Amino acid sequence: TDMSDFIRGLPKAELHLHIEGSLEPEQMFEFARRNRVALPFDSVEAVRAAYAFSNLQDFLDIYYQGANVLLTEEDFRDLALAYFRRVAADGARHVELFFDPQTHTDRGVPFAVVADGLLAGMAQAKRELGVTSKLILCFLRHLDEGAAFATLKDAEPYLDRIAGVGLDSSEVGHPPRKFERVFAAARERGLKLVAHAGEEGPPEYVWEALDLLQVDRLDHGNRSLEDEALSRRLAEEGMTLTVCPLSNLKLCVVDDLKTHPLKRMLQLGLKATVNSDDPAYFGGYLGQNWTAIAEAVDLSRDELVTLAKNSFTGSFLSPAEVQQRL
Ligand code: ADE
Ligand code: ZN
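Residues numbered from 1 in each chain as written. Chains lettered and ligands numbered in written order. Predicted model: local features only at pLDDT ≥ 70, side-chain atom pairs only at ≥ 80, totals over all residues. Heavy atoms only, no water.

**Re the overall build of the protein chain**
Turning to step 1, where the next piece is worked out: What the protein chain contains, in helices and strands, is 17 helices and eight strands.
Turning to step 2, where the next piece is worked out: Since a compact globule built from 326 residues should have a radius of gyration of about 20 Å, the 18 Å found for the protein chain is in line with a globular shape.
Turning to step 3, where the next piece is worked out: Dimensions along the principal axes, computed over C-alpha positions, put the protein chain at roughly 50 × 45 × 40 Å.
Turning to step 4, where the next piece is worked out: Counting only residues that meet the buried cut, the protein chain has 58% of its 326 residues in that class.
Turning to step 5, where the next piece is worked out: Sequence separation of 24 or more characterises 77% of the internal contacts of the protein chain that already satisfy a separation of 6 or more. (Helix = DSSP H or I, 4+ residues; strand = E, 2+ residues; numbered from the N terminus. Rg over C-alpha atoms; globule rule 2.2 N^0.38 Å. Buried < 20%, exposed > 50% of the residue type's maximum accessible area, 1.4 Å probe, protein only. Contact = heavy atoms within 4.5 Å.)

**Topic: the side chain of asparagine 35**
Turning to step 1, where the next piece is worked out: Tracing the backbone through its elements, the reader meets asparagine 35 in helix H2 (residues 25-35).
Turning to step 2, where the next piece is worked out: For asparagine 35, a relative accessible area of 17% puts it in the buried group.
Turning to step 3, where the next piece is worked out: Excluding residues within four positions of it along the chain, asparagine 35 makes contact with Val69, Leu71, Thr72 and Asp75.

**Some remarks on the pattern of salt bridges**
Turning to step 1, where the next piece is worked out: Applying the stated criterion across every chain yields a total of 18 salt bridges.
Turning to step 2, where the next piece is worked out: Measuring nitrogen to oxygen at the nearest pair gives 3.6 Å for the salt bridge that ties arginine 85 to glutamate 128. Here arginine 85, found in helix H5 (residues 73-89), pairs with glutamate 128, found in helix H7 (residues 111-129); they are 43 residues apart in sequence, far enough to count as distant.
Turning to step 3, where the next piece is worked out: Residue glutamate 128 is classed as partly exposed on the basis of its relative accessible area of 47%.
Turning to step 4, where the next piece is worked out: Ionic pairing is found between glutamate 237 and arginine 233, a salt bridge with its closest N-O pair at 2.5 Å. One end of the pair is glutamate 237 and the other is arginine 233, both in helix H11 (residues 228-237) and four residues apart, which spans about a single turn. (Salt bridge = Lys/Arg side-chain N within 4 Å of Asp/Glu carboxyl O.)

**Some points on the layout of surface pockets**
Turning to step 1, where the next piece is worked out: Considered as a void within the structure, the largest pocket measures approximately 150 Å³ in volume.
Turning to step 2, where the next piece is worked out: Looking at the lining of the largest pocket, its residues break down into five nonpolar, two polar and three charged. (1 Å grid on protein atoms, 1.4 Å probe; cavity = no way out; pocket = protein on both sides within 12 Å on 5 of 7 lines; lining within 4 Å. Points joined across faces, edges and corners; volume = space filled by probe spheres on them. Nonpolar A, V, L, I, M, F, W, Y, C, P; charged D, E, K, R; others polar.)

**Digging into the site of ligand 1**
Turning to step 1, where the next piece is worked out: What surrounds ligand 1 is the set His18, Leu56, Phe59, Leu60, Tyr63, Asp168, Ser169, His196, Glu199, His220, Asp277 and Asp278.
Turning to step 2, where the next piece is worked out: Contact between ligand 1 and histidine 18: a nitrogen atom at 3.3 Å from a side-chain N or O atom of the residue.
Turning to step 3, where the next piece is worked out: Glutamate 199 has a polar side-chain atom sitting 2.8 Å from a nitrogen atom of ligand 1.
Turning to step 4, where the next piece is worked out: Its free accessible area being 260 Å², ligand 1 has 100% of it covered by the protein chains.
Turning to step 5, where the next piece is worked out: Of all the cavities here, the one that holds ligand 1 is the largest cavity.
Turning to step 6, where the next piece is worked out: Grouping the amino acids of the shell around ligand 1 by side-chain chemistry returns four nonpolar, four polar and four charged. (Near = heavy atom within 4 Å. Polar contact = N/O pair within 3.5 Å; in protein donor to acceptor, adjacent residues only side chain to side chain. Areas by Shrake-Rupley, 256 points an atom, 1.4 Å probe, with all protein chains shown as cover. Sits in = over half its atoms within 2 Å of the grid points.)

**Side note on the sheet that holds strand S6 (residues 217-220)**
The strands that make up a sheet are held in pairs by hydrogen bonds between backbone atoms, and each pair lies either parallel or antiparallel.
Turning to step 1, where the next piece is worked out: In spatial order, the strands read S1-S2-S3-S4-S5-S6-S7-S8; together these eight strands make up an open sheet with parallel pairing. The open sheet terminates on both sides in strands that have one partner only, identified here as strand S1 (12-18) and strand S8 (271-274). When the angles between neighbouring strand axes are averaged without regard to direction, this sheet yields 25 degrees.
Turning to step 2, where the next piece is worked out: Examined bridge by bridge, S6 and strand S7 (residues 240-243) share two bridges and lie parallel to one another. In the sheet register, leucine 218 faces S7, and the bridge partner there is leucine 241. (Pairing = 2+ DSSP bridges. Axes fitted to C-alpha atoms, helices over the stretch in contact; angles between N-to-C directions.)

**What to know about the nonpolar core**
Turning to step 1, where the next piece is worked out: Ranked by internal contacts, the top residues of the largest apolar core, which has 98 residues, are Phe84 and Tyr281.
Turning to step 2, where the next piece is worked out: Discounting chain neighbours no more than four positions away, the residues touching phenylalanine 84 are Val95, Leu97, Gly121, Met122, Ala125, Leu129, Val131 and Ser133. (Core = buried A, V, L, I, M, F, W, Y, C linked by side-chain atoms within 4.5 Å.)

**Quick word on empty space enclosed by the protein**
Turning to step 1, where the next piece is worked out: On inspection of all chains with the given rule, the structure shows one cavity of 30 Å³ or more.
Turning to step 2, where the next piece is worked out: Each pocket or cavity is described by its volume, and for the largest cavity that value is around 110 Å³.
Turning to step 3, where the next piece is worked out: If you go around the largest cavity, you meet 17 residues; those closest to its centre are His18, Leu56, Phe59, Leu60 and His196.
Turning to step 4, where the next piece is worked out: Broken down by element, the residue count for the lining of the largest cavity peaks at five residues, all from helix H4 (residues 56-66).
Turning to step 5, where the next piece is worked out: Class assignment of the residues belonging to the lining of the largest cavity gives a composition of seven nonpolar, five polar and five charged.

And the structure:
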């Protein structure tokens, strides 16, 4: 359609993508076969049929299980490269990707295997597709802060190749304040800071991400709109929100894309961006997230251009690099 052609042609960045969430069922079988890992499914169709979630935890259980097939540096490189090929076809020029090292180190896969594999895929994507990228290390919030500190220590040899740290996994019951010290340590090391907040958790968690973690960018942030003072604060600060429409639909954060808060965020002057989160699990990559939300909430071409611009100005590229790409 005209709309999807227009969207594909807009230079865009993706700022909220969990690389483990780009593992397609076909690839899950391929990695399981080559690594001789047993899968609890006997077909790609059976895997897809299991992707019916009623909340975040439902999804996380199956997402962590899927990650068990990832063992070697080649797996991580191939996973990243397959994702970059898809997102390049959607017109993405830059990606800031999350990875969850603890999901792998807790299974005995060394941090270096994960990081070297992903960095190799990122370098190849730059050479072959012209897509640039940055890596963001996420701490799993269902684990304790000591485990996050151990992960930051694992990352020490890679800190020149890691742009920032984030916070993901089960939100409710694991408020940002639990990670105040490790975020301060990351900040001292010159890392950028982001956190998932207000996806399922209350506005209070968004306040904590701002005031206690001092994040540079907010992941999701949907529930901020329940708090007028918080919405005003986010608008005044020009805080970037990485919004994930199809994820919100699949995890029942919204009942219907037509009532998705993205339109209201833009009307309130919030700096929102559109992203895919875990595209292999939620039914679409970056382009599909853009076309689905554009259609559902009737975004104008001006609004689409604003969203594309926000994706670069909200990125961790330098101001000079952003200027070159707008
Ligand atoms: N890990 C992967 N996707 C996530 C999401 N949408 N929320 C929290 N943790 C995640
Ligand atoms: Zn996410």
